[in-house]
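# Observations on the model geometry
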Amino acid sequence: MDTSYEKVCPGCGKANTISEKFCSGCGHQFRTVFQDTAQGGAIAASSPLSDLRSAPVALIAVTVFLILLLFMLLISPNRSAPAPISAPAASAPAVVTGAAPLLGSAELAGRIHSGQTAASVRTTVGEPTRITRTVVGGLNNEDWYYTRGGRTVQVHFNGSQVVEALNTY
């Protein structure tokens, strides 16, 4: 091989043959590699893009993307399974009292239905005896309690502030 063609390493300053991929002094990787044309080879250049294609960068990027997608699906609040009801937030539950219509628990429960908005419930049956707020999956849920004649009607509002469940006990 004709060594009259040399390239100088930018890392250590050592002269290397033109066809070397790495510096023989410090191991610096040359980004452009040439072959000596005196040996019948063609001049070939490798770009940083071709180096990336040979590395598993694409595999790593796809794997990271799939992991993030799976994580987002697992924590998404719009799943078909009902979200578990968690304990109330660390702060004390808000208590709201007010005058409510004189409806018994059965009449009160009969006027509230699934899908009804919080404003509609408040207009229809009045202010609840107590309200508790919880955060489930990043959404603010509320439970309104109406106590009538020794019985309690619990109205559960989901994060969209519509009635999701109604319990009497």
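Please refer to the structure higher up on the page.
Notes on the structure in this doc start here. Everything numeric here is computed off the predicted structure, so don't read it as measured data. (Residues numbered from 1 in each chain as written. Predicted model: local features only at pLDDT ≥ 70, side-chain atom pairs only at ≥ 80, totals over all residues. Heavy atoms only, no water.)

## A word on the overall build of the protein
As a reminder, the rule being used: Comment: elements are numbered from the N terminus, with helices defined as DSSP H or I runs of at least four residues and strands as E runs of at least two. Only protein chains enter the accessibility calculation, which uses a 1.4 Å probe; a residue whose area is less than 20% of its type maximum is buried, one above 50% is exposed, and one in between is partly exposed. Whether two residues touch is decided by their heavy atoms; if any such pair falls within 4.5 Å, the residues are in contact. The Shrake-Rupley method, run with a 1.4 Å probe, gives the accessible areas here. Residue values count only the displayed protein chains as cover.
When you go through the protein residue by residue, the secondary structure sums to four helices and six strands. Starting at the N terminus, the α and β elements of the protein follow one another as β-β-α-α-α-α-β-β-β-β. Evaluated residue by residue, the protein yields a buried proportion of 23% over its 169 residues. For the protein, the share of sequence-separated contacts (at least 6 apart) that also reach a separation of at least 24 residues comes to 33%. Accessible surface computed for the protein: about 11,100 Å², of which carbon and sulfur atoms make up 62%.

## Focus on helix α2 (residues 57–75)
It helps to recall that an α-helix has 3.6 residues per turn; residues three or four apart then point in one direction. Our working rule: To estimate how far a helix should extend, the number of its residues minus one is multiplied by 1.5 Å.
The end-to-end C-alpha separation of α2 is 27 Å, in line with the 27 Å expected for 19 residues at 1.5 Å each. By the criterion of burial, α2 is predominantly exposed, with just zero of the 19 residues buried.

The values reported here are purely geometric and, on their own, carry no functional implication.
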